[in-house]
Amino acid sequence: AQTNVCCMKRVCNGCDLAARRRGVNDVCPFCRTPQTTDDASKLAMVQKRADKGDALAKSILGEVYYHGKLGLKRDVPRAVELYTEAAELGSMYAHYSLGDIYYTGNGVEQDKARSIRHFQQAAMKGHATSRNNPGIVEHENGNHQLVV
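These notes cover the structure that comes with them. (Residues numbered from 1 in each chain as written. Predicted model: local features only at pLDDT ≥ 70, side-chain atom pairs only at ≥ 80, totals over all residues. Heavy atoms only, no water.)

Bringing the side chain of Lys-58 into the picture now. Structurally, Lys-58 can be placed in helix 3 (residues 55-67). Sequence-distant contacts of Lys-58, defined by excluding residues within four places in its chain, comprise Ala-50, Gly-53, Leu-82, Glu-85, Ala-86 and Leu-89. (Helix = DSSP H or I, 4+ residues; strand = E, 2+ residues; numbered from the N terminus. Contact = heavy atoms within 4.5 Å.)

Turning our attention to the side chain of His-118. Residue placement: His-118 occurs in helix 6 (residues 112-124). Classification of His-118 as buried rests on a relative accessible area of 15%. Among the polar contacts made by the side chain of His-118, one reaches the side chain of His-95 at a distance of 3.0 Å. (Buried < 20%, exposed > 50% of the residue type's maximum accessible area, 1.4 Å probe, protein only. Polar contact = N/O pair within 3.5 Å; in protein donor to acceptor, adjacent residues only side chain to side chain.)

Attention now moves to the layout of surface pockets. Counted as a void, the largest pocket has a volume near 880 Å³. Taken together, the elements giving at least two residues each to the lining of the largest pocket come down to strand 1 (2-3), strand 2 (10-11), helix 1 (13-21), helix 2 (39-51), helix 3 and helix 5 (92-104). Considering every element that reaches the lining of the largest pocket, the biggest residue donor is helix 3, with seven residues. (1 Å grid on protein atoms, 1.4 Å probe; cavity = no way out; pocket = protein on both sides within 12 Å on 5 of 7 lines; lining within 4 Å. Points joined across faces, edges and corners; volume = space filled by probe spheres on them.)

With that out of the way, let us pick up unusual backbone geometry. Of note, the phi angle at Met-8 is positive, near 65°, even though the residue is not glycine. Tracing the backbone through its elements, the reader meets Met-8 in the loop between strand 1 and strand 2. A positive phi is found at Arg-32, a non-glycine position, where the angle reads about 65°. Inspection of the secondary structure puts Arg-32 in the loop between helix 1 and helix 2.

Right, here's the structure in full:
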């Protein structure tokens, strides 16, 4: 599955294949925006949606900054800022990403308590991996009864 940057809709591989069989090849199957392949256009589309307050777009933009994608240099503080804004708007993906960043301390000061809070928020919103992560932490801490 992939997220189309034009409308932030996720398209599974099966739906993508079905759209291509119907002749919908070079446009988004949801909004019919022409697909772009260059990084600058993708970044502009995501930035435009993020500027309008789209939580998923802010989360994706945070990922772009965190990993240094689409021609941008890696900028962890900017990524954390965007993930935080997206989390405040209700993005479970942003909560998960913040949980991961604070748990590993990759680019920020490690804060496991903050990490667990973000994992719990993401889990309550339905993020499956986030439901697992607090259990792993409790297992590592020897709290085996809490894991179950």
